[in-house]
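# Structure assessment
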Amino acid sequence: MKHRYLPMTDQDQQEMLDTIGVSSIDELFSDIPESVRFQGEYKIKKAKSETELVRELSGLASKNKDLRSNASFLGAGVYDHYMPIIVDHVISRSEFYTAYTPYQPEISQGELQAIFEFQTMIAELTGMDAANSSMYDGGTSLAEAAMLAAGQTKKKKVIVSKAVHPESRDVLKTYAKGQYIEVVEIPVKNGVTDLDALKVEMSEEVAAVIVQYPNFFGQIEPLKEIEPIAHTGKSMFIVSSNPLALGALTPPGKFGADIVAGDAQPFGIPTAYGGPHCGYFAVTQKLLRKVPGRLVGQTTDDQGRRGFVLTLQAREQHIRRDKATSNICSNQALNALAASVAMTALGKKGVKEMAMQNIQKANYAKKAFAAHGVEAAFNGAIFNEFVIKLNKPVKEVNAQLIEKGIIGGFDLGIVYPELENHMLVAVTELRTKDEIDLFVKELGDGHE
């Protein structure tokens, strides 16, 4: 078919009216009194032909600064990463993109196996015993982790580092308000969680301690030092983590994390103006039956053949309301599939190599900035992001950069008033040396 959309003809309209026994479209609204009907004309443009409309919309779309024609150094939770071309091919197959909840295993084995593989790879990356079939996004996953901890420990206080993504902390506070849970934020010292402040805040009332690894500033939190503090008084240790970083960093599970949550966006999910994403949620064996959302389990059929089924769902629809631990109703199956395909295509070595390139290129950019007189705000190890201090508003700098085909970093002053004129710079494996050098030069020249 040449056109994906064909408007209804007058003949089509008349045939439908005849079929239902109505003489006109107005007759369809005869039950609505004339006095409450809208009689005027809507203040919208007159209808255009298909070609005219496509031309106008294409013109509007061309004004966007996209990642195909601009080098992006913007991260802050959504990253421009390599997506193997096979990802789009697999998720575009009708049996996947039209699939919904796989309640009937006898006709949903492909979907169930895809989810099972996602769970397996996330569990391996995080170093945890099990992972669920995905959640809406990283913020939702982290908030659900806090609620699980509060329910499990029967305590009403959650401690979260201010180096955790600001949007995730906002989601956490929204969840906590409904459960009457107190959320206490720990300040940042030199780009990482202030451990002295954390120690002071710990008590028997704390349900969980939450940190991000790497944190919002790209810094690597010292999980080995945080873990014994977090487990004071039988509280739980929750880590929000970029799964790609775990291709190179020691996984949180090795440091004694009870729950690891995060966003799978770095694997096969486009930036797409900020969504949709795909959260992940991984736990120790002890917490398996409290996991929100759903899990896919491996089993055998009556003939001994390998098969997959939904199991251990903690939602009130499936179990007694008083035993339910979450009201999450679905999962991001299609995006989880995209992440699974991307991880499979890359393989263990590919994921590690991709992660290492993020580390190496970010550090190259950091050193290049220092050579141009633009110093990093914090010391310590980084993954693919770091903070630089400017001598003028970030908004002004980014406006100048976009004219050069460069999408600058995130203005930290928006969410951290104390970091006014500080830019969060993201450098992924897709950024070339020439792009980094041009970015450093243009920003460095404007900094002088």
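You'll find the structure just up there.
Worth saying up front: this structure is predicted, and the values here are computed from it rather than measured.

## Focus: the overall build of the protein chain
Along the backbone of the protein chain there are 12 helices and 16 strands. Projected onto its principal axes, the C-alpha coordinates of the protein chain cover approximately 80 × 65 × 50 Å. Relative to its full complement of 448 residues, the protein chain shows a buried share of 47%. The contacts of the protein chain with a sequence gap of at least 6 include a subset with a gap of at least 24, amounting to 71%. When the accessible surface of the protein chain is totalled, it reaches about 23,700 Å², and 53% of it is carbon and sulfur.

## Observations regarding the sheet that holds strand E2 (residues 130–131)
Reading across from one edge, E2-E10-E9-E8-E7-E3-E4 is the order of the seven strands in this open sheet, with mixed pairing throughout. In this open sheet, the two strands that pair with only one neighbour each are E2 and strand E4 (182–186). Sheet analysis places strand E3 (residues 157–161) next to E4, joined by five bridges and oriented parallel. Its bridge partner lying in E4, Ile159 is registered against Val184. Helix H5 (residues 109–126) contacts E2, strand E9 (259–263) and strand E10 (279–283) of the sheet and is inclined by roughly 65 degrees relative to E10. Against the sheet, helix H6 (residues 138–153) touches E3, strand E7 (206–213), strand E8 (236–241), E9 and E10, its axis set at about 175 degrees to E8.

## Quick look at the nonpolar core
If you look at the biggest cluster of nonpolar residues, it comprises 53 residues, and the most contacted ones within it are Phe118, Ile159, Leu198, Ile226, Phe237, Phe267 and Met343. Apart from the residues lying within four places of it in its own chain, the contact partners of Phe118 are Asn132, Ser133, Ser134, Ala264, Cys278, Gly279, Tyr280, Ala336, Ala339, Ser340 and Met343. Counting 28 residues, the second largest nonpolar core, distinct from the first, contains Leu172, Ile181, Ala207 and Ile210.

## Observations regarding the layout of surface pockets
Estimated volume of the largest pocket: approximately 670 Å³. Lining of the largest pocket is provided by 37 residues; of these, Ala76, Gly77, Val78, His165 and Ser168 occupy positions nearest its centre. For the lining of the largest pocket, the secondary structure elements donating two or more residues are H6, helix H7 (166–178), E8 and E9. Looking at the lining of the largest pocket, the element that brings in the most residues is H7, giving four residues. Grouping the constituent residues of the lining of the largest pocket by class yields 15 nonpolar, 18 polar and four charged.

## As for the pattern of salt bridges
Inspection of the entire model under this criterion finds 13 salt bridges. In this structure, Glu95 engages Arg93 in a salt bridge whose closest nitrogen and oxygen atoms are separated by 2.7 Å. Through salt bridges with shared partners, a single ionic network connects Lys45, Lys48 and Glu56.

Each value, and the rule that gives it
Residues numbered from 1 in each chain as written. Predicted model: local features only at pLDDT ≥ 70, side-chain atom pairs only at ≥ 80, totals over all residues. Heavy atoms only, no water. Helix = DSSP H or I, 4+ residues; strand = E, 2+ residues; numbered from the N terminus. Buried < 20%, exposed > 50% of the residue type's maximum accessible area, 1.4 Å probe, protein only. Contact = heavy atoms within 4.5 Å. Areas by Shrake-Rupley, 256 points an atom, 1.4 Å probe, with all protein chains shown as cover. Pairing = 2+ DSSP bridges. Axes fitted to C-alpha atoms, helices over the stretch in contact; angles between N-to-C directions. Core = buried A, V, L, I, M, F, W, Y, C linked by side-chain atoms within 4.5 Å. 1 Å grid on protein atoms, 1.4 Å probe; cavity = no way out; pocket = protein on both sides within 12 Å on 5 of 7 lines; lining within 4 Å. Points joined across faces, edges and corners; volume = space filled by probe spheres on them. Nonpolar A, V, L, I, M, F, W, Y, C, P; charged D, E, K, R; others polar. Salt bridge = Lys/Arg side-chain N within 4 Å of Asp/Glu carboxyl O.

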